[in-house]
Amino acid sequence: MIKLRMYTQEEFKVAMTLFSDPKADEGEWKDRPASARDFEDLLTWASDEGEGKPPFRDKESVSLLKSQGLSFVSEKDWYCVEVKEFDIHTRMPITSISKELKYALTAMHFSREGTYTWLNEEDHVYEEVWQYLSELPFDILVALWIEDRGCFRFWGNYKIVNCPFENQTVEATVVKRPQTHDFAEDKQISKYLYADKTGRYYTHWGVEDLFAYDWKKDIEGIIRHIESFCEDAYWPFGHATLPKEVLFRKVPCLIVDKHTDGTYVIGEALSVKYPSFGEILSGVIPEYSPNKERCVLVVECNERLEKQEDIDNAIYGIRILQDQIELFEKDKAVQVFGRSLKEACASGQYTVVEGNCYR
């Protein structure tokens, strides 16, 4: 089974400091993931500090290389591998194998020691190799920065050792192949998690959804980012010309509703596919209410914000008042929306709603 350990930005910084600091306390090194960059170090350690055994000769490593058409030339030759492709046999140093195989061999080595191995986009590990690793008789421990979760490309089942649940984390099995688990027999304890009778947790959501960034849970961070976005310049009050271009995908519309009783509602709406400006406007105009005004920021990204910086991709803003509608170009739109969000946060009387806030 593959086990993922997800790192937040702060945890990632600490772990990378440990990675580069040889003077770190030994106890802290337990949380210092290895990486594919350790591949060549493993070759050196095997020859200089090892027991005189050639590296990567365990049966799982040999089997993996064989599945990719590679084999060691002989037990006496530590570093030379033979490539068999059709009737052509060539030789090359093991340091010339693909990054994907380097990562897999490194992860297998460190997993046996209980150490996680960093995965990032440069490692290029794909389905076939993940499938092989998932079927090994021991767990493969993978460390993944939340921001890099998109580079984990595996459609089989795996575990997340720190899956978020309320104010804690639990170990949960991600079931990406429904036929291998019957969720009807489990109790649903959150939007994402199920628990069986033994207390084990399951989910059919992958890391891309479980750890998706939610700007509504990072309101203060969004405000700070908008303030830094606006601090170098002041844009005088001004309205935008009517946008004519049609957006090419679904876009999120961030919303702050202000009510006359001093309360606020914060949420978002997702546009229809390939929306025109008119379709976005009709979607975010609430049913007439003299007790509410709405501030909207339209952001051009793929359906949802992935990080604070996505605010920088704002296209325009809309403010819907009792008897008029105002349209703002990008820079002023961010400033106006940030002001509304800050007012809501400062009031202490705001509600965050999930789902689509159309109407």
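Visitor: It is not clear to me how the overall build of the chain should be interpreted in this structure. Could you clarify?
Guide: Scanning the chain from terminus to terminus reveals 9 helices and 17 strands. In the chain, which comprises 359 residues, the proportion classed as buried is 47%. Long-range contacts, defined as pairs at least 24 residues apart, comprise 63% of the intrachain contacts of the chain with a sequence gap of at least 6. Of the roughly 19500 Å² that the chain leaves accessible, carbon and sulfur atoms contribute 49%.

Visitor: Sorry if this is basic, but what is going on with helix 5 (residues 127-134) here?
Guide: Considered for burial, the residues of helix 5 that qualify are Val-129, Trp-130, Tyr-132, Leu-133 and Ser-134. The elements touched by buried residues of helix 5 are strand 1 (2-7), helix 3 (59-67), helix 4 (99-112) and strand 6 (140-145).

Visitor: Is there a simple way to explain the pattern of salt bridges in this structure?
Guide: Side chains that differ in sign of charge can pair as their charged atoms come close. All told, the structure shown has 11 salt bridges when counted by the stated rule. With its nearest N and O atoms 3.5 Å apart, the salt bridge here joins Arg-304 to Glu-306. Note that Glu-326 and Arg-319 form a salt bridge whose closest N and O atoms lie 2.8 Å from each other. Like Arg-319, Glu-326 is buried.

Visitor: What's the story with the sheet that holds strand 6 in this structure? I'm lost.
Guide: Read from one edge to the other, the open sheet built from 8 strands follows the order 5-6-1-7-8-11-10-9, with strand pairing classed as mixed. With one partner strand each, in any of the chains shown, strand 5 (117-118) and strand 9 (187-188) form the two edges of the open sheet.

Visitor: Would you explain the packing of aromatic side chains in this entry?
Guide: Here the distance between the centres and the angle between the planes together describe a pair of aromatic rings. Counted by the stated rule, this structure contains 9 aromatic pairs. A ring pair is formed by Tyr-103 and Trp-130, whose centres lie 6.1 Å apart and whose planes are at 70°; its orientation type is edge-to-face. With Tyr-103 in helix 4 and Trp-130 in helix 5, this pair connects stretches of sequence that are 27 residues apart. What makes Trp-130 buried here is its relative accessible area of 0%. Plain terms: the ring middles of Trp-130 and Phe-152 are 5.0 Å apart, the flat faces sit at 65° to each other, and that makes the pair edge-to-face. Taken as a pair, Trp-130 in helix 5 and Phe-152 in the loop between strand 6 and strand 7 (158-165) lie far apart in primary sequence, 22 residues in all. According to the relative accessible area criterion, Phe-152 is buried, its value standing at 7%. Put simply, the rings of Tyr-103, Trp-130, Phe-152, Phe-154 and Tyr-158 touch in pairs and so form one group of aromatic residues.

Visitor: Could you clarify how one ought to interpret the packing of helix 3 against helix 4 in this entry?
Guide: Helix-helix packing is described using two parameters, namely the angle between the two axes and the distance between the axes. Close contact between helix 3 and helix 4 brings their axes to 11 Å; oriented N to C, the two are set at 165°. Relative to helix 4, helix 3 is oriented roughly antiparallel. Judged by the twist between their axes, the crossing of helix 3 over helix 4 is right-handed. Between helix 3, through Glu-60, Ser-61, Leu-64 and Leu-65, and helix 4, the contact on the second element is made entirely by Leu-101, Ala-104, Leu-105, Met-108 and Arg-112.

Visitor: Is there a simple way to explain the layout of surface pockets in this structure?
Guide: To locate leftover empty space, one rolls a probe as large as a water molecule over the atoms. Approximately 1600 Å³ is the volume found for the largest pocket. Along its surface, the largest pocket is lined by 44 residues, and Phe-211, Ala-212, Tyr-213, Asp-214 and Lys-217 are the ones closest to its centre.

Visitor: Sorry, what's going on with helix 8 (residues 277-284) here?
Guide: The α-helix winds at 3.6 residues per turn, so residues separated by three or four positions along the chain end up facing the same way. Three or more residues of helix 8 are buried, namely Phe-277, Ile-280, Leu-281, Gly-283 and Val-284. Seen from one end, helix 8 has its buried residues packed into an arc of 165°, which puts them on one side. The elements touched by buried residues of helix 8 are strand 12 (252-259), strand 14 (292-299), strand 15 (314-320) and strand 16 (325-329).

Visitor: How do you make sense of the nonpolar core when you look at a structure like this?
Guide: Across soluble globular proteins, nonpolar side chains show a tendency to be buried alongside one another. Membership of the largest hydrophobic core comes to 50 residues, with the highest contact counts inside it found for Trp-130 and Phe-152. Ranked by residues supplied to this core, first place goes to helix 4 with 7 residues. Judged by nonpolar contacts, the second largest core, of 25 residues, contains Ile-226, Tyr-264, Ile-311 and Ala-333.

Visitor: Sorry if this is basic, but what is going on with the packing of helix 4 against helix 5 here?
Guide: Look at helix 4 against helix 5: their axes get within 11 Å of each other, and the N-to-C directions meet at 15°. Judged by the angle between their axes, helix 4 and helix 5 are roughly parallel. Crossing of helix 4 against helix 5: the hand is right-handed. Where helix 4 abuts helix 5, its residues Glu-100, Tyr-103, Ala-104 and Met-108 lie against Val-129, Trp-130 and Leu-133.

Visitor: Mind showing me how you'd approach the pairing of strand 16 here?
Guide: The side chains of a regular strand alternate between both faces of the sheet. Inspection of the sheet shows strand 15 paired to strand 16 by 5 bridges, in the antiparallel sense. Residue pairing for strand 16: Gly-317 is matched across the bridge by Phe-328.

Visitor: Would you mind going over the environment of Lys-3 with me for this structure?
Guide: Mapped onto the fold, Lys-3 is located in strand 1. In this structure the C-alpha to C-alpha distance between Lys-3 and Val-161, which are 158 residues apart in sequence, comes to 6.5 Å. Apart from residues no more than four positions distant in its own chain, Lys-3 is found in contact with Tyr-116, Asp-139, Ile-140, Leu-141, Val-142, Lys-159, Val-161 and Glu-171.

Visitor: Can you walk me through the pairing of strand 14 in this structure?
Guide: Among the 8 residues that make up strand 14, 6 are buried, leaving the element largely enclosed by the rest of the structure. Bridge analysis of strand 12 against strand 14 gives 7 bridges, and the strand direction is antiparallel. In the strand pairing of strand 14, Val-256 is matched with Cys-295. The sheet contact formed by strand 14 and strand 15 spans 6 bridges and is antiparallel. Within the sheet, the bridge partner assigned to Val-298 lies in strand 15 and is Tyr-316.

Scoring rules and cut-offs
Residues numbered from 1 in each chain as written. Predicted model: local features only at pLDDT ≥ 70, side-chain atom pairs only at ≥ 80, totals over all residues. Heavy atoms only, no water. Helix = DSSP H or I, 4+ residues; strand = E, 2+ residues; numbered from the N terminus. Buried < 20%, exposed > 50% of the residue type's maximum accessible area, 1.4 Å probe, protein only. Contact = heavy atoms within 4.5 Å. Areas by Shrake-Rupley, 256 points an atom, 1.4 Å probe, with all protein chains shown as cover. Salt bridge = Lys/Arg side-chain N within 4 Å of Asp/Glu carboxyl O. Pairing = 2+ DSSP bridges. Phe/Tyr/Trp six-rings, centres within 6.5 Å; stacked < 30°, edge-to-face > 60°. Axes fitted to C-alpha atoms, helices over the stretch in contact; angles between N-to-C directions. Parallel < 35°, antiparallel > 145°, perpendicular 65-115°, else oblique. Left-handed = near helix turned anticlockwise from the far one by under 90°. 1 Å grid on protein atoms, 1.4 Å probe; cavity = no way out; pocket = protein on both sides within 12 Å on 5 of 7 lines; lining within 4 Å. Points joined across faces, edges and corners; volume = space filled by probe spheres on them. Arc of directions from axis to C-beta. Core = buried A, V, L, I, M, F, W, Y, C linked by side-chain atoms within 4.5 Å.

Worth remembering: the numbers are spatial, not functional.
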